[in-house]
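Now for the letters of each chain:
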Amino acid sequence: METDCTHHDSASPEAETGETAPKSAPTPLPPGTRLLHIGPHKTGTTSIQGALFAAKDAMAGRGVDFPAHGRHPMEAALAVCARPGMMGDAKPTEGHWKRLVDAVHATGRRTSVVSSEFFADAPDDEAIARIVDDLDRGQGRDQGRDQGRVHVLVTLRPLWKIMPSQWQQYVQNGLRMGYEDWLEHMLRKAPYEKPNPSFWRRHRHDRLVERWVRVVGAGNVTVVVVDDRDRHGLMRTFESLLGLPDGLLVPVPDTANRSLTLAETEMLRKLNMEFRGNGLPDEVYSKMVRGGAVMHMKNACRPAPDDARITTPRWALEAAAGIGAEMAERIAAMGVRVLGDPALLSVVPSVASAEETRPPRIDPEVAAHALYGALAVAAAAPAHPAASVRSVHQTSSKELVRVLGHRVLKRLKRE
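Conventions used here
Residues numbered from 1 in each chain as written. Predicted model: local features only at pLDDT ≥ 70, side-chain atom pairs only at ≥ 80, totals over all residues. Heavy atoms only, no water. Helix = DSSP H or I, 4+ residues; strand = E, 2+ residues; numbered from the N terminus. Buried < 20%, exposed > 50% of the residue type's maximum accessible area, 1.4 Å probe, protein only. Contact = heavy atoms within 4.5 Å. Areas by Shrake-Rupley, 256 points an atom, 1.4 Å probe, with all protein chains shown as cover. Phe/Tyr/Trp six-rings, centres within 6.5 Å; stacked < 30°, edge-to-face > 60°. Pairing = 2+ DSSP bridges. Axes fitted to C-alpha atoms, helices over the stretch in contact; angles between N-to-C directions. pLDDT = per-residue confidence, 0-100. Polar contact = N/O pair within 3.5 Å; in protein donor to acceptor, adjacent residues only side chain to side chain. Parallel < 35°, antiparallel > 145°, perpendicular 65-115°, else oblique. Left-handed = near helix turned anticlockwise from the far one by under 90°. Nonpolar A, V, L, I, M, F, W, Y, C, P; charged D, E, K, R; others polar.

We now examine the overall build of the chain. When helices and strands are tallied, the chain shows 18 helices and eight strands. Expressed as a percentage of its 415 residues, the buried residues of the chain come to 49%. Expressed as a percentage of contacts within the chain between residues at least 6 apart in sequence, the contacts between residues at least 24 apart total 80%. Approximately 20200 Å² of the chain is accessible, and the part contributed by carbon and sulfur atoms is 53%.

Below is the structure:
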């Protein structure tokens, strides 16, 4: 969603230029800290995970380890939080969590950092305590939790920026509800849990911070309010907390993680309705729709500047700002370290409605790429049943067409 923010101090030079004044760097965490970044979703998690993974060798040379075996230890976090994962995907196992824990323990007394937004889905205090104890392995337990090595980092963005991104992400996992109807359920229809109970579990940020404070203590929690006007601010904050030099962490382009446009999301939502209406198995959705059609569409198509964006109605923007103000006030009273400007959470943006209210029109080329992505998965599956979905999209279009043609010819010969 394209908007212009009107901040409480909108007359300041910062608001006019879109830039932020230089900030003093936060105090680094003690050497040997196990920094646990729990997200939540849509707060810059993918960007920071990509940067940390890309810089893992350089960080290791400076005493900071990134023990995860990939960019994002999603399966490990899902397993320990007893979450099923994405629709149609294989359920993560305890083995995923044990592998991550073993890798963290192998860092010994060095500083380490683990990041997954799915830790925000921990269902209760018992699950949070298990996460902390497993990563800490009882270090400091006899002296009280404030003496442990695990330090929890929570990154926050204003709700009005999170809502459209989270809705289209839910659509990518099978949601069939339109955006405004979804907003009605999330903001106006008690108990505000349908159709996605995970939304407020993740994004009632004051309660999220409170749950983790109850387990690790306020002294072991840092909250970072992300300011989107400072493009590299989150990278600099991680560097400072980890004692790394400025500029070591840099964003890594990832087209597969881009948000869908309104037209793309609406096309997928209509497909979800057809998919559910015909009773197809979830595994087909995972492979052919999310891993095939959506993945190829994201990789092959770049949204045009004039594409219709997901637009949040004024009433929802104001409701989100009101909730944001409540959350900022409650977090401030918890005694945790807060980096950034909590007032950003209560901003009410002004929306350029004339351009944003155009009906979504799907480009035929975009639809063709989506269809091709599903066909590519179907074509490759018989030849390489164990291959990952992502590997299909790292294969050239020419090669995928060759495979598809080969399969068709074999079928015709048999007939």
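Going through the model one piece at a time under the given rule, you end up with eight aromatic pairs. Judged by centre distance (6.1 Å) and plane angle (70°), the rings of W97 and F119 are edge-to-face. Of the two residues, W97 is situated in helix α5 (residues 94-105) and F119 in the loop between β4 (111-115) and α6 (125-136); the sequence distance between them amounts to 22 residues. One exposure class covers both W97 and F119, and it is buried. Geometrically, the ring pair formed by W182 and F199 is edge-to-face, given 5.3 Å between the ring centres and 85° between the ring planes. On the criterion of sequence distance, the pair formed by W182 in helix α8 (residues 179-187) and F199 in helix α9 (residues 198-203) is long-range, its members being 17 residues apart. Taken together, the ring pairs in this structure connect W167, Y170, Y179, W182, F199 and W200 into an aromatic cluster.

Following the sequence through the fold, V104 ends up in helix α5. Using a relative accessible area of 2% as the deciding quantity, one classes V104 as buried. Along the chain, V104 and D136 lie 32 residues apart, while their C-alpha atoms are 8.9 Å from each other. When near neighbours in sequence (up to four residues on either side) are disregarded, V104 contacts R34, P67, S112, V114 and L135.

Spatially, β3-β4-β2-β5-β6-β7 is the arrangement adopted by the six strands of the open sheet, whose pairing is parallel. Each end of this open sheet is capped by a strand with a single partner; those strands are β3 (64-65) and β7 (337-339). Pairing between strand β6 (residues 221-225) and β7: three bridges, direction parallel. Its bridge partner being in β7, V224 is matched across the sheet by L339. Against the sheet, α6 engages β2 (34-37) and β5 (150-156), with an angle of about 150° to β2.

On to the confidence of the model for the chain, then. It should be kept in mind that the predicted coordinates are not to be read in detail where pLDDT is low. The share of residues in the chain with pLDDT of 70 or more is 81%, and the mean pLDDT across the chain is 83. Within the model, the stretch residues 138-146 combines pLDDT values under 50 with 16 contacts to residues more than four positions away or in other chains. Taken as a whole, residues 352-356 scores under 50 in pLDDT and shows five contacts with residues more than four places along the chain or in a different chain.

The subject of this paragraph is unusual backbone geometry. Along the chain, G39 connects to P40 via a cis peptide bond; the corresponding omega equals 10°. When you line up the elements, P40 lands in the loop between β2 and α2 (45-54). The step from A190 to P191 runs through a cis peptide bond, and the omega angle for that step is 5°. Looking at the element boundaries, P191 is found in the loop between α8 and α9. Non-glycine residue K42 carries a positive phi angle of around 65°. Among the secondary structure elements, K42 is positioned in the loop between β2 and α2. Backbone geometry at Y192 places phi at a positive 65°, although glycine is not the residue there. Considering the arrangement of structural elements, one finds Y192 in the loop between α8 and α9.

On to the side chain of T111, then. One can find T111 in strand β4. We classify T111 as buried; its relative accessible area is 11%. At 2.9 Å, the side chain of T111 forms a polar contact with the backbone nitrogen of G32. T111 has contacts with P30, P31, G32, T33, G63, V64, D65 and L242, leaving out every residue within four places of it along the chain.

In terms of burial, β5 is largely enclosed, as seven of its seven residues are buried. In β5, alternate side chains face the same way, and those of V150, V152, V154 and L156 on one face and H151, L153 and T155 on the other are all buried. Taken together, the four bridges between β2 and β5 define a ladder with parallel strand orientation. Counted as the bridge partner of L35 is H151 from β5. In terms of strand pairing, β5 meets β6 through five bridges, oriented parallel. Bridge pairing in β6 links V154 to V223.

What follows concerns α2. Most of α2 sits inside the fold, with seven of its 10 residues counted as buried. Residues of α2 that are buried include every one of T45, T46, I48, Q49, G50, A51 and L52, and no others.

Glancing now at the pairing of β2. Both faces of the sheet carry side chains from a regular strand, because those side chains alternate between them. Of the two faces of β2, the one carrying R34 and L36 and the one carrying L35 and H37 are both buried. Two elements, β2 and β4, share four bridges in a ladder whose sense is parallel. Across the sheet, the residue bridging to L35 is V113, located in β4.

This part covers the packing of helix α12 (residues 262-277) against helix α13 (residues 282-300). Orientation of α12 relative to α13, taken along the N-to-C sense of each, is 160°, at an axis distance of 12 Å. By the criterion of interaxial angle, the relationship of α12 to α13 is roughly antiparallel. Crossing hand, α12 versus α13: right-handed. Two secondary-structure elements touch here, α12 through E264, M267, L268, L271, N272, F275 and R276 and α13 through D282, V284, Y285, V289, V294 and M297. Within the contact of α12 with α13, the residues separate by chemical class into nine nonpolar, one polar and three charged.

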